[in-house]
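Structural overview
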Amino acid sequence: MSEKFYITTPIYYPSGNPHIGHCYTTVACDTIARFKRMQGYDVMFLTGTDEHGQKIELKAKEQGVTPKEYVDPIVDNFKRLWKTMNVSYDRYVRTTDDYHIETVQKIFKTLYDKGYIYKGKYTGKYCNPCESFWTESQLVDGKCPDCGRDVVEADEEAYFLRLSDFADRIEKFLTETNYLQPKSRVNEMVNNFIKPGLEDLCVSRTTFTWGVPVDFDEGHVVYVWVDALSNYISALGYENSAYGDYDKYWPADMHMTAKEIVRFHSIVWPAILMMLDLPLPKRLYGHGWINFNGQKMSKSLGNVIDPFVLGERYGVDAVRYQILRDMPYGSDCNFSNEIMIGRINTDLANDLGNLVSRTVAMVDKYFGGTLPADRVSDDLDTELIAMAKALREPVAQFIGDAQLSKALEEIFKVISRANKYIDETTPWVLAKDEANKPRLATVLYNLLETIRLTSSLLYPFMPTAMPKVWEQIGADESMVTYENAAQFGVLPLDVTVKKGEVLFPRIDMEKEIEELNALLGPKKEWKEDEDLDKANIIKIDQFAEVKLRTGEITACEKMKKAKKLLKIQIDDGRDGRQIVSGIANYYTPEELIGKKIIFVANLAPAKLCGEESQGMLLACDAGDDVRVVFIDGDIPNGSTVR
């Protein structure tokens, strides 16, 4: 019986159409799932959509449709994208599915009966876009600490989950196991949410109706996060009769999410499972964000990249490769038109594509497409063969740890070595002398075998293009198995190749950038305060009252009491000063130290969470993002800005 492997994406919120950020998580999970299937695992790969909540209800009302009518076409678009991106999920869960609703209601009632859910009253702040509750102290400048938007007052009867009772168990789970990866996220969760005092979580709402009803108390609907997190077991048939896979696949081997929802998956979800006396999942990986031209993707900024457009222009495998190759483990990555085209031209066209086409073309030119069986080896062969044979194990390790970029890096080291091997062995010179034909056949065979090995390991990443490679090099499916990915000499000695289409055509960078920018470029949205007819016009003497000076950030740290605030020390060319700024959501302290900035020098000091702030940094709104204004490092500290 095969060993099981259960992997999940988060279930996506269908308030708008999918973008390249959704693609990263799903394609990453698909790659891992495909690789595990290669290894012989019995894989369950789950994805889906999280369709309840006040935000959906409001959007549907704006369009004059029911919430279900609003989400249905968006869900269809998600499914269409996964088909386009060649995603091989095994099951798709919708939180509007009857079986899921049944499971959520039973979980809620069980937790209530066990005393883990109690009735009370919620009074505080609520962020509609994030579907998140906040206390006054958690707000940053009076706004949601996650998205920076306005919050509203919430005052309603509600049920609460006794999270506070599980603070010690959750902390131990996070700090003493390898559940949460990368490890840097563990300190973030413990220091920001558990150490300050884990608060009970509001788990029902009465001010809207679009959600799973609490079946024993009319008027209450289950809070969206309890509803959404339950999908990981409802989709297996836990407490419903739709499926019967729970005992087979649970616990999950890997949950994958973006970093902004790690809190719910690392604290709330394990706590619910502990309350239910269910096994805990084995691994949670919280990956970074994809930034577009240096800015976080934002619908309001107009830079949410359409993956359908990219797939149509470059081929789905090229898109899959680029987003996986350029996302460092645990960190954010940048996406730009130039980066995408650069990866296609260098890695895919020059390195991989050129290796395949040159090798096949030489076999066809020098041997009529079929290699002779005679062989002559040389010391030049040793390193390439050794690298190719040793490739499978590190790739398997990296993929198992969700370090997909590093796995691709290892594969392309061997591809690069194969291209160098061509230059070292000079097949075109060997072909001039008939006596060198056995040696020439050996060189070309080694290249074909290297292509077979590397393309076998690339298949989970690029499942459309790699079978085309196998056809060209004369490999059938039995030769590209996981077992054969560590063997050299699998192709028959008299292998026959077949010239085919160019796998990854080179792209004219300048022309393509111009066309892509027209299709995908940021769209400017004017805000009311940017219209001078409506703005508060000031006179020159009023502006002169604001003293702007330059300074250098010499030290910076996060504030313990407010996770969105940074305490910044400034060399202002005088005695120095401290500024507290709500930019921790956009910068790490390490990114700021040593940077030259402009600040308001004559702003009245203010206390923020117990720390004095003596000024304000200059920064720009960039849609949902904020960018600090940095200046030339040669400008002296304390200079007046005019």
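Residues numbered from 1 in each chain as written. Predicted model: local features only at pLDDT ≥ 70, side-chain atom pairs only at ≥ 80, totals over all residues. Heavy atoms only, no water.

**Observations concerning the overall build of the chain**
When helices and strands are tallied, the chain shows 22 helices and 25 strands. Since a compact globule built from 642 residues should have a radius of gyration of about 26 Å, the 28 Å found for the chain is in line with a globular shape. Seen through its C-alpha atoms, the chain measures out along the principal axes to roughly 85 × 70 × 50 Å. Taken across its 642 residues, the chain has 55% of its residues classed as buried. Counting contacts in the chain only where the partners sit at least 6 residues apart, residues at least 24 apart contribute 76% of the total. Here the chain contributes 77 positively and 97 negatively charged side chains, and the mean placements of these two sets differ by 2 Å. (Helix = DSSP H or I, 4+ residues; strand = E, 2+ residues; numbered from the N terminus. Rg over C-alpha atoms; globule rule 2.2 N^0.38 Å. Buried < 20%, exposed > 50% of the residue type's maximum accessible area, 1.4 Å probe, protein only. Contact = heavy atoms within 4.5 Å. Lys, Arg positive; Asp, Glu negative; His and termini not counted. Charge placed at Lys NZ, Arg CZ, Asp CG, Glu CD.)

**Description of the pattern of salt bridges**
For the structure on display, the rule yields 36 salt bridges. Here Lys114 and Asp277 are joined by a salt bridge, their closest N and O atoms 3.1 Å apart. Highlighted residues: Lys114 in the loop between helix H4 (98-113) and strand S4 (117-127) and Asp277 in the loop between helix H10 (262-275) and strand S12 (284-287), separated in sequence by 163 residues. Classification of Lys114 as partly exposed rests on a relative accessible area of 38%. Put simply, Lys468 and Glu501 hold a salt bridge, and the shortest N to O gap is 3.3 Å. Taken together, the residues span a long stretch of sequence, with Lys468 in helix H19 (residues 466-473) and Glu501 in the loop between H19 and helix H20 (509-520) at a distance of 33 residues. Through salt bridges with shared partners, a single ionic network connects Glu51, Lys68, Asp72 and Arg94. (Salt bridge = Lys/Arg side-chain N within 4 Å of Asp/Glu carboxyl O.)

**Points about the sheet that holds strand S3 (residues 91-94)**
Sheet architecture is open: 6 strands sit in the order S3-S2-S1-S11-S12-S7, paired in parallel fashion. Every other strand in the sheet has two partners, leaving S3 and strand S7 (180-181) as the edge strands with one partner each. Relative to S12, S7 is paired through 2 bridges, and the arrangement is parallel. Of the residues in S12, the one forming a bridge with Leu180 is Leu284. (Pairing = 2+ DSSP bridges.)

**Digging into the packing of aromatic side chains**
Within the structure shown, the criterion is met by 25 aromatic pairs. Consider the rings of Tyr89 and Tyr92, whose centres lie 5.7 Å apart with planes at 55 degrees: the pair is tilted. A residue is classified by how much of its surface remains accessible, and Tyr89, at 26% relative accessible area, is partly exposed. A network of ring pairs unites the aromatic residues Tyr6, Tyr232, Tyr249, Trp250 and Trp269 as a single cluster. Here the basic side chain of Lys109 rests over the ring of Phe216, its NZ or CZ set 5.8 Å away from the ring centre. Geometry around Tyr482 places Arg392 over its ring, the cationic atom sitting 4.2 Å from the centre. (Phe/Tyr/Trp six-rings, centres within 6.5 Å; stacked < 30°, edge-to-face > 60°. Lys NZ or Arg CZ within 6 Å of the ring centre and 35° of its normal.)

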